[in-house]
Every structure is written in structure tokens, then in C-alpha cells.
Amino acid sequence: GVPIGALLARGQAADVLVPGSHASTYGGNPLACAAGLAVAQYICDHDLLTCAKERGDQLSAGLGKLAEKYPNVLADTRGWGLLKGIKINDD
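I will try to describe carefully the structure that is included in this document. (Residues numbered from 1 in each chain as written. Predicted model: local features only at pLDDT ≥ 70, side-chain atom pairs only at ≥ 80, totals over all residues. Heavy atoms only, no water.)

Time to look at the pattern of salt bridges. What the rule picks out here adds up to two salt bridges. For Asp57, the salt bridge identified is with Lys53, shortest N-O distance 2.8 Å. Here Asp57 and its partner Lys53 are both found in helix H3 (residues 48–69), four residues apart, which amounts to about one turn of the helix. The partner of Arg78 in a salt bridge is Asp76, and the shortest N-O contact between them spans 3.2 Å. (Salt bridge = Lys/Arg side-chain N within 4 Å of Asp/Glu carboxyl O. Helix = DSSP H or I, 4+ residues; strand = E, 2+ residues; numbered from the N terminus.)

What follows is about unusual backbone geometry. Keep in mind that most residues, glycine aside, have a negative phi and that most peptide bonds are trans. Here Asp47, not a glycine, exhibits a phi torsion of approximately 50°, which is positive. When you line up the elements, Asp47 lands in the loop between helix H2 (30–45) and H3. With relative accessibility at 42%, the residue Asp47 sits in the partly exposed group. (Buried < 20%, exposed > 50% of the residue type's maximum accessible area, 1.4 Å probe, protein only.)

Helix length check: H3, at 22 residues, gives a terminal C-alpha distance of 31 Å against a target of 32 Å (1.5 Å per residue), a fit within 8%. Turning to H3, the residues buried within the fold contact strand E1 (74–80) and strand E2 (83–88). (Expected span 1.5 Å × (residues − 1). Contact = heavy atoms within 4.5 Å.)

Looking now at H2. Across its 16 residues, H2 extends 22 Å between first and last C-alpha, which sits within 8% of the 22 Å expected from 1.5 Å per residue. N-cap assignment for H2: the residue whose side-chain oxygen lies 3.1 Å from the backbone N of Leu31 is Asn29. Where H2 ends, the next residue or the one after it, Asp47, has phi of about 50°, a positive value. (Polar contact = N/O pair within 3.5 Å; in protein donor to acceptor, adjacent residues only side chain to side chain.)

Turning next to a nonpolar patch on the surface. A cluster of nonpolar side chains, contributed by Val39, Tyr42, Ile43, Leu48 and Leu49, occupies part of the molecular surface with about 470 Å² of accessible area. The set of elements that each furnish at least two residues to the nonpolar patch consists of H2 and H3. The element best represented in the nonpolar patch is H2, accounting for three residues. Summarising the element assignment, Tyr42 is placed in helix H2. In this structure Tyr42 comes out as partly exposed when scored by relative accessible area, which is 46%. (Patch = residues over 30% accessible without salt bridge, like charges linked within 9 Å, V, L, I, M, F, W, Y side chains within 5 Å. Areas by Shrake-Rupley, 256 points an atom, 1.4 Å probe, with all protein chains shown as cover.)

Distances and angles like these do not, on their own, reveal function.
This is the structure:
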């Protein structure tokens, strides 16, 4: 992989960041930008965000079924997208 860094700011935070006041080791070089653009293009071309949402919904449903099936073991499931957590009962 090729590392790339970026920073976004708005409001008062953006007002204090004048050109030259913030830098990134991995930000802005031509190779990193070309790699980042290629990855962004691949994500768009292959509709990976929709796929990730569908898999996240599928995972949520499956974890919910497990929590219903094993309420003595699983207290809760939560998360966003494909980043999920399961709270296990202390008992």
C-alpha cells in the first residue's frame, strides 16, 4: 500500500490553519495522490459502499438473531456498517 494523509477542517478550526502551518508526512505527494485517486475510483466503479452497507445490514440481522437465540450469553449488539460489537453478559 501507499500511505496518504489528509486533513479537513471547518469553522474556527479552519481559520487557524493558514498555508504552511500544518503538514503531513504522507499528504500531497504525487505518488500518494495518484494511489488515493485510483482507490477512490475503484470504490466508485465497483459500488463498494453499497456492498459494504448490504453486508453490514446482513451482519446486523445475523447478530440480532444470535442475541435472540442466546439471551443468557449475548446482552446486546451494536455498531455501524461492518464495524460491530457484541456485549457479552457478565454472568
